[in-house]
Structures are given as structure tokens and as C-alpha cells.
Amino acid sequence: MSIQLKVPDIGDFEQVEIIEVIVKAGENIKKNDPVVTLESDKSSVEVPSTVEGKISNISVKVGDKVSKGDLILEVEGNGKSLPDEVKKTSDQIPKSTKNLIEEAEKTIEQEIKKAPEVEKETIRVAEDKISKVVSDGDIDPVETKEWIDSLSSVLETDGGKRAQFLIKQLIEHSYRQGSDLVLSRNTPYVNTISPDKETKSPGDQNIERRIRSLIRWNAAAMVVRANKKFPELGGHIGTFASAATLYDVGMNHFWRAKNNKFGGDLIYFQGHSAPGMYARAFLEGRLSEKQLDNFRQEVNPGGLSSYPHPWLMPNFWQFPTVSMGIGPMLAIYQARFMKYLINRGLIKDEGRKVWAFLGDGEMDEPESMGAIGLAARENLDNLIFVVNCNLQRLDGPVRGNGKIIQELEGIFRGAGWDVIKVIWGSYWDPLLAKDKTGHLLKIMNETVDGEYQAFKARNGLYVREKFFGKYAETKELVSSLSDKDIWRLNRGGHDPHKVYAAYDQASKNKGKPTVIIAKTIKGYGMGKTGESVNTTHQQKKMGVDDLMYYRDRFDVPLTDKQVQDIQYFRPNENSEEIKYLKDRRIKLGGFIPERTTYAKQIKAPQKDIFDFLKESTGKKEMSTTMALVRLLTNLLRDKNVAPRLVPIIPDEARTFGMEGFFQKIGIYAHEGQKYEPEDSEQLSSYREDKKGQVLEEGINEAGSMASWIAAGTSYTNHDIEMIPIYLFYSMFGFQRVGDFAWAAGDSQARGFLIGATSGRTTLAGEGLQHQDGHSHLLASTIPNCISYDPTFAYELAVIFREGLRRMHEKKENIFYYITTMNENYPHPAMPKDKGCEDGILKGMYKFKEFNKNKKIKIQLIGSGAILREIISGAEILQNEHGIDSDIWSVTSFNELARDGMETERYNLLNPDEKNKASYVEQCLGQSNSPVLAASDYMRSHSEQIRPFVKNSFYSLGTDGFGRSDTRKNLRKFFEVDKEHIVTYALSVLSNEQLISSKPVKDAIKKYNIDTKRSFPSKL
Ligand SMILES: Cc1ncc(C[n+]2csc(CCOP(=O)(O)OP(=O)(O)O)c2C)c(N)n1
Ligand SMILES: [Mg+2]
């Protein structure tokens, strides 16, 4: 029996061209094998087979135009599979819907089975606690008591869940009855985990305290010593002082290192708490005294970087975090990418976690909480945030008039996170238990952060009077405590028991991300000059008295003389402390932080896989974006490369003609697809899949960039090399997420950034905020970013393959920024010249010579879309003005400038050696003719090479705000169209006294150029 394969529904398109026939007659094909590639003027997409068997006849060839229902091929069916049309009638329900129904049926069955069992929870109701709620605004205390008593009884007999259920019912009922009061997402200002529910730490608290004290001391000492030597160096003491316990509990009990058996937890340390991490590494024997002494002195080898910078300490730091707000987003997308790798079957699910340490001031950065919704939506139970609420930022209180902990609780809970507040230390437990009247809780709720901060800057007597003294009941509550006892009442973030309990609960959490909000004291233990005062953040020096106080406060075994000399302290190798510390880390698999990579290279595909882009397209027009999509489609057929590609798109796939990827490789969705998409019958249907490969990030450039960094550093964080390709509107790239791009460089991320629809005049009709004429300049600021602005498909192919080879085969720590355009034009074949590929990669090559007249010559150089204006201009110059020219295609002004600077520096530093010629000079110095450069970017883009060009040099560019219009009008406006190029070329030659000014004036007249018009950047 012969079965036909017809053109499926391809959306709104008719008469679409077949650009490739992938199969041959006589071959056996399976379901989903691509058979032909179709290309409209907007996108190219493969047609997968829906039939199986031996191909008996192919009815189409390259160049044919087809529409829905046209015959593509016929197979001799083997009876295993039926064409879609036949199948659909026998199986009316789409698979996704069928799965959904099956799942729903299963759940209902399970629920029916479960129903009779009422889950009971044993709960010990704290005896009569807060039963006498403070009666402010209570119009009927007796009634209130009755309700509370009923609830207590439910709690006791049926547990918390039942009580919560009843409360929910009551609230819903009151809404239905007309109440519109929104109930708070906040709980009272006490710890989330009650003392009876705390998991106890198995650690030896005495030894752990001694270790922590030494880490505190050494961290402070290294900052003070560095600033004594060079006061300009700076550093921070107060931040780590507030966070030491939060880190120590993690290091001693929770964070598992990467080793040959386990992938490791990933910890994002708060950037300016770095001294604490060095101090611990010193005790662990990983860093020497000499290294500590070189804190913040990184120019000579052996220094320690001020903050976590993987670029500067590549075997130590994993994540750059110090630019506030970057860490939280990177951590969220890191956790998401970990799930992506697991769901795609590329790494094992080992229960690894991502922890991120953040400052309370840092939470004001829009980025810090900008992606918390995603974390909840994606059920990132592998993610734990720890927000160190020391109530202060750099200048003063974070929320002097409010409560940062409560504010964060509401926001995170509202977003769907589990919130664990760690506010009070164990010394408060008995007081809270004795607070029968609820007055202590009332003060806790009423006191604002400015007051909480001020208390800790004073003393016990002050706290007694100002805090407990507010109500007679609380004054009485502490009447038996001395001022010293009151001063000892500790905050949760400094209590290892409370911190342990919170970490333990967070580590076991399922289905949701967790945030631990811990209350601490900035500059904890620093005494009068540094503890809880507004200037703590800036404290880099400590006087002898303060140091003595610090030593005594933490019982550091140093003599007065040693303190005066600010000596480090490391107990000997056999001491209890060092043995304990090392033993803990051995049990947890190794040291943290540590950056390693065991990822295998990805073999770059054979060159010929890109050959189709090196041929002329004839009259057929195509954009470079489309060329890239075709290139990626081909790469997806390469067995080595295909699974490692991570296409990342922020809601622009259709703009870039990439919707074909939806069906082909699927959109990653951790829940799969719970609905039948509206376009399910179409070839490019919106297919979400748990194993999907495309990261469709929505309108979220920062998130896309964070995903790209996670994928680009997967080689170290997950030991698997991935190839992220993030395509974006070029204007919404570096300009929008520049700091992330900088962090990508620091992180040594490898991958491709594609600035699509690029150029100030090439993206027509979009206007000032869309049209990019400077992203290449921004790209040039990142040392390990290699950028290209190609014009032709073959240039793109050569650049892309070399990127794959350098980054993913040779493992160079660089990343690529390539601009592509949406202007359709024909592409020539790659010039046969042997040096062409080399030139493309170095940044320029001679594209063409116009030599008809053999008299006067100009060198015209340019990149991207404007190269075509230059080529047209050169033809006019030759044919109408008798001027010859050499045309150079500049694929990268940035790379040329880098080479130029390096060469010039070498020549200046080696005066006795023969001068080297920069690559630009090697190219343009072959002739004496003047040079005119042009691009679709600001003049400073091409101006970068001026110092290295010995010939006279002139440049044109698109300086100024973009605006919407046609390409033709825009290029005229910015004076980079072929007419301006001709006119300026003539003027250059006249200026160089090679021709008279007459042809220039003629051209100005002929092309109607307004010479009195203002410079475009002023318009
Ligand atoms: C984007 C950015 N802006 C400003 C700074 C400078 N800075 C460093 S630490 C800091 C205060 C941080 O306060 P917080 O987050 O509360 O941390 P803490 O030191 O109190 O733990 C500031 C403003 C920065 N590092 N990054
Ligand atoms: Mg703070």
C-alpha cells in the first residue's frame, strides 16, 4: 500500500518555497524525520514526516512553491504508521488532551480513595498563649475569647491544617457576605518555626563557636591589616560580622561540595562578605597568611580579589555577586537551569540546591525580587534565599520607619514562596512563653527597625527602658533579668540553633522555593564604634581598643601584644578546631567555594555543514537573521551539537522566524503541556514540553541573560558543556542588561549573543527606542566578548563555526556577540580567495576591487547593512565619475581595534625591534589611497581604527537618535546611503587634492543634499 505525505497546515502562508529536500527516493524514513525545508520570507521550517516506510516517490524539488495539501512524497507503508489525516479520524482526541484526561482521572481516583482518611496532626497547643489578646479595638472581648477557645480546641484535637481550613472557610464566607477586607500575608513578628518544632543541630556548639570566632577575627584582621598598609584599599568588616553564623551553619552542616560522586550545591555568597570566606579558607589550609595579606592587592600574582570574581580567582569563586541585584536573579535562573538539565535528561537529579545570600538593602534593587514569581511558578524547591536583615544598608537603616522583615515576608509569600523568619534567638524563647498577655508580641510588632537598630547601638538599660518599659506587663516580664541578661537577648541570625532549624526545614522543602529572612546586627561584636551604627558599613579600620574588645567578645586566644600587631590566628593542625572544621567539610564532600570543570569538549561540526551558506543565493533574497535560523536548523541535525544547543528567546521567536523550533525541539515547560494549543493542527504549533529545548523567557531580557549565563557556565557548574544562543532585539541587549553581560564576562560564560534586527537604519519603522546604532561599542567594553557585524550569510557561517570551535571545542573563555539583520537581500558566494576566511575572522577582507579606470582610487570600508550601500556607491563612482575603489568588508571594527592597540603597544615598548604592522595596516597600507569608512553604527565604532590607519581616514556613521521611517529615508537622514557615500567619497578625494571640488558640488546638487542641515545627532 502506498501512503502519501502532504504539506501540512503552515499557518497563513501559501506558495512557500522548498529550499531543501532532505530525503531521497529509496530511503527508509521514520516518523518525525525531516523531509523538506520550507522557507517563506519570514521563516524557515522543516516538515517532519508523519509516515514511516521506504520512499517510493518524491514529488517536489528545490525551488518548488507549495501550499497546504500538496503532495510531498509517497512511501511504501509498513502498516505501522498511518498518515496524520487518516490517524486523526480514528483518534479524534489529541494526545495532549488525552494525557490530561488520563491524569485527571487518576487524580480523581486517588482522591476518592484518600477521602475517608482525615489527616490528623498531633499538635501541642502552647498553654493559653496569647489567649488574652491585647484588647485594642476589641468591642467584645468575651466573644473574642470564645472564638479563640474554639480554635484552640480544634488545634488540639484536629491539628493546624484543620484549623487553617476552618479559618479559610470563615474568610471566604465573610467575602461572600460582603466583607472586602484583605487579610494580611504577614504573620506576627516572631520566628516561623516555633521552639517545639525546631530540629536540633547535631554539631558541637562549643567548638563551632570557637571556629566561628576565629573566622570572625581573621576576617576583620585581614581588612584592618590591608588598610593599615594601604589606606586606599578599603574592605568591609561589618557585613560579614553580621552574617558569620549564617555562613558557618551552612558550611558545617548543609552545603555539599562537588566531587566525583556528587554535583555539589551552588552557593551565591553576598559579594562584600568575601573576607569571611577567605578567613575560613585560611583555617582550612587553603589560603596562606601571605595571601590574606594580599587582600585587595590583585595586580601581582597571589592576591585575593575584593569580591567574588571568577575571572580573577578562577579556581575559587564561582559566581560574581557584588553588583547588587545580580546575584538573586542569577541564582533563580541557575536553579531553573538545573531543573532544565534534569528534565532534559542531561544531568542526574541528585537533590542539589542553590543557595543565595543577600543583603536586606540589596532587596531594594528591582532585579532582586524581579524574578521571584518565576521561581515559584517553576516550583524551584532547589532554591533557597537567605536574606541577612541587619536592618542597615550603606548610609543608614533599610526601613527605619517600617520593618523590612515583614515587608519581605509579605512579598515572598504573595509570590508563592515558603517563608521562614528567623527573628529571635533562643534567649527570647522563655520570655515569649511567659508573655501570657501578648504585650511582648505587641511591642515586637509595633517597634520599627530604626528603633531596633538604635537599641543595639546602646545597652541593656536602654533596652529595658525603651523597649520593655513601654507597657507595665513587659516591664514586669523582665524585672528579674539584669541589664546584662537583657543585653544578651540575641537575634535569630546570630543563634546557630535557630539558623540550623531554618536551614534544615528549607533543605527538606518540596514544591516551592524558600526564603529565610534572618534578623542580625550589622557589625556584630564590633563594639561602640562599629556595632549597629549608621557608619558600620564604611568601617575598614579598628583602633587597638576596638580590637581588644573584639578579641574579648569572641574569646580569641591572642595576647595584647598579638592584638596590637593584628596577628592572624590559626590553631595548629591537630587542634580540636581544625580537625572538626576539616572533618565537617570532608563529610560534606570537600571545600566550598571551589571552581572546577570536568566537562568534555563538543567537537565543532565539519565545515561542510555550513557550505550551503557559502553559495550564492542568486536572486533569492534573505536576511542574515534567516541565514542564522537556517544555520541553526542544520546544526540541530548534528548529533554532537544538537542536544547541547540552548536557544533562548524573550518572546521574539516569530520576529526572528524561529517559530519552527517550537514543534521541532519544543519549548521547555516543567509541567509539560496541560492544554491543547490553539494552533495544534499547524506545523509550527506552540509545543510546550517537559523535555523542551527552547527557553522561551517571555518579555524578560534580564531573565534571558541570566538563563544564558547559567547555560554558558554549565561546563563548570554542572560539568556539561552547553551552547546557549540568546537572540534578542539588539537594542534591548547590552543597553538593557549591560551589568549582566559584564557578569557573564567575569563568570567566563561561553556562548552566543545574537543582536537581531540590528542597525540604526536597518530595522525600519520602529523608532528611537528600537534602532540600535551603538551595541557594538557596548560589546567592545567587555574584554572577553568577541563581536562581529557581518553582512553576508557566508561571513556569518564562518564566524559561527569558529565560535563553536574556539568556545566549545577549544574551551576558550570568550563569548560571541553577532549582529544579524532583518533586511532581505541576495547573498553572493564566498570569494574564492584563500585568505578570505582568515580575514573574516580577523575583522576585514577585500571583498571586491573596482579597477576599470586605473587612475584615482579610494578605499571604501564598511560593515553590516551599510556595506551594500558602499558597494552600490562604488559602482556609481566607477561608472559615473571614473573613480576606482577597493571594497573591504569589515566584519569587526572591534577586533581590528583590539589588534591595532596591541600592536601599537608592542611597538612602543620595543623601540629597538622592527615595528610590527597591525592587521588593519597590513590590509589598508597596501595602497596609498584615502580611506572612507561607514557602518550602521555611530562614527566612534569605525573611528576606533583611525590611529592604526596610516592613510588619510574619514568616517560616516549613524550618530543621533533613531526614528521610524523607511530604510531609504533613514539612510539618507544619517547620510549613509549610496548617494551620500558617493558624495563624501568625492569630497574626500577633493580634500586630499586628488580631484577638484567640482564633482563634489555636482553630486551635492544631483543628490539634493542640504549642506546647511545640522549634524544628524542634533536633530
Ligand atoms: C548595584 C550596586 N549599587 C551599589 C553598590 C554599593 N554597595 C555595596 S554594599 C552596599 C550596601 C549593602 O547593604 P545591604 O544589602 O543591606 O548589605 P549589608 O552590608 O548590610 O549586609 C552598597 C550600596 C553595589 N555594590 N552595587
Ligand atoms: Mg543590610
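Everything below is about the structure shown above.
Residues numbered from 1 in each chain as written. Chains lettered and ligands numbered in written order. Predicted model: local features only at pLDDT ≥ 70, side-chain atom pairs only at ≥ 80, totals over all residues. Heavy atoms only, no water.

Engineer: An account of the overall build of the protein chain is requested, with residue identities and associated values reported.
Structural biologist: Counting secondary structure elements, the protein chain contains 37 helices and 28 strands. A compact globule built from 1019 residues should have a C-alpha radius of gyration of about 31 Å, and the protein chain, at 34 Å, falls within 12% of that. By principal-axis analysis of the C-alpha atoms, the protein chain measures approximately 105 × 85 × 60 Å. By residue count, 55% of the 1019 residues in the protein chain fall in the buried class. Pairs at least 24 residues apart make up 76% of the contacts formed inside the protein chain by residues separated by at least 6 positions. In the form shown here, the protein chain has an accessible surface area of approximately 44600 Å², with 51% of it arising from carbon and sulfur atoms. Seen as two clouds, the 140 positive and the 142 negative side-chain charges of the protein chain have centres 3 Å apart. (Helix = DSSP H or I, 4+ residues; strand = E, 2+ residues; numbered from the N terminus. Rg over C-alpha atoms; globule rule 2.2 N^0.38 Å. Buried < 20%, exposed > 50% of the residue type's maximum accessible area, 1.4 Å probe, protein only. Contact = heavy atoms within 4.5 Å. Areas by Shrake-Rupley, 256 points an atom, 1.4 Å probe, with all protein chains shown as cover. Lys, Arg positive; Asp, Glu negative; His and termini not counted. Charge placed at Lys NZ, Arg CZ, Asp CG, Glu CD.)

Engineer: Give me the lowdown on the coordination of the magnesium ion (ligand 2), citing residues and values where you can.
Structural biologist: Looking at the magnesium ion (ligand 2), one finds its protein donor set to be Asp360 (OD), Asn390 (OD1) and Gln392 (O), positioned 2.0 to 2.1 Å from the metal centre. The sequence motif formed by the donor residues of the magnesium ion (ligand 2) is D-x29-N-x1-Q. On the criterion of sequence distance, the pair formed by aspartate 360 in the loop between strand E10 (354–359) and helix H10 (366–370) and asparagine 390 in the loop between strand E11 (383–389) and helix H12 (404–415) is long-range, its members being 30 residues apart. (Donors = N, O, S within 2.8 Å, 3.2 Å for Na, K, Ca; no water.)

Engineer: Account for the pattern of salt bridges, with residues named and values stated.
Structural biologist: Applying the stated criterion to the full structure yields 63 salt bridges. Residues participating in the shared-partner salt-bridge network are Arg212, Asp248, Arg280, Glu284 and Arg286. (Salt bridge = Lys/Arg side-chain N within 4 Å of Asp/Glu carboxyl O.)

Engineer: How would you summarise the site of ligand 1 if you had to cite specific residues and measurements?
Structural biologist: Surveying the vicinity of ligand 1 reveals 17 residues, the closest of which are Thr239, His272, Asp360, Gly361 and Lys522. Between ligand 1 and glycine 361 there is a distance of 2.8 Å, counted from an oxygen atom to a backbone nitrogen or oxygen. Here an oxygen atom of ligand 1 sits 2.8 Å away from a polar atom, N or O, in the main chain of glutamate 362. For ligand 1, whose free accessible area comes to 590 Å², the fraction covered by protein is 75%. (Near = heavy atom within 4 Å. Polar contact = N/O pair within 3.5 Å; in protein donor to acceptor, adjacent residues only side chain to side chain.)

Engineer: If you had to explain the side chain of asparagine 191 to someone new, which residues and values would you point to?
Structural biologist: Relative to the helices and strands, asparagine 191 resides in the loop between helix H4 (160–176) and helix H5 (205–229). Residue class for asparagine 191 comes out buried when judged on its relative accessible area of 16%. At 2.5 Å, the side chain of asparagine 191 and the backbone nitrogen of isoleucine 423 are in polar contact. From its side chain, asparagine 191 meets the backbone nitrogen of tryptophan 424 in a polar contact 2.8 Å long. The contacts of asparagine 191, once residues within four sequence positions are left out, are Lys421, Val422, Ile423, Trp424 and Lys498.

Engineer: I'd like to hear about the environment of threonine 321, residue by residue, with values.
Structural biologist: Counting through the fold element by element, threonine 321 comes out in the loop between helix H8 (289–293) and helix H9 (326–343). Using a relative accessible area of 6% as the deciding quantity, one classes threonine 321 as buried. Not counting residues up to four positions away in its chain, the partners in contact with threonine 321 are Tyr268, Phe269, Gln270, Gly271, Pro308, Gly327 and Glu362.

Engineer: Which residues make up unusual backbone geometry, and what values do they have?
Structural biologist: Omega for the peptide link from isoleucine 592 to proline 593 comes to -5°, which places this bond in the cis form. Along the chain, proline 593 turns up in the loop between helix H22 (576–587) and strand E14 (621–622). Positive phi, normally seen in glycine, also occurs at aspartate 555, with a value near 50°. Position of aspartate 555 among the secondary structure elements: in the loop between helix H20 (544–553) and helix H21 (560–564). Owing to a relative accessible area of 53%, aspartate 555 belongs among the exposed residues under this scheme. A positive phi angle is found at glutamine 748, which is not glycine, with a value near 60°. Summarising the element assignment, glutamine 748 is placed in the loop between helix H27 (734–747) and strand E20 (752–756). Glutamine 748 sits in the buried class, given a relative accessible area of 4%.

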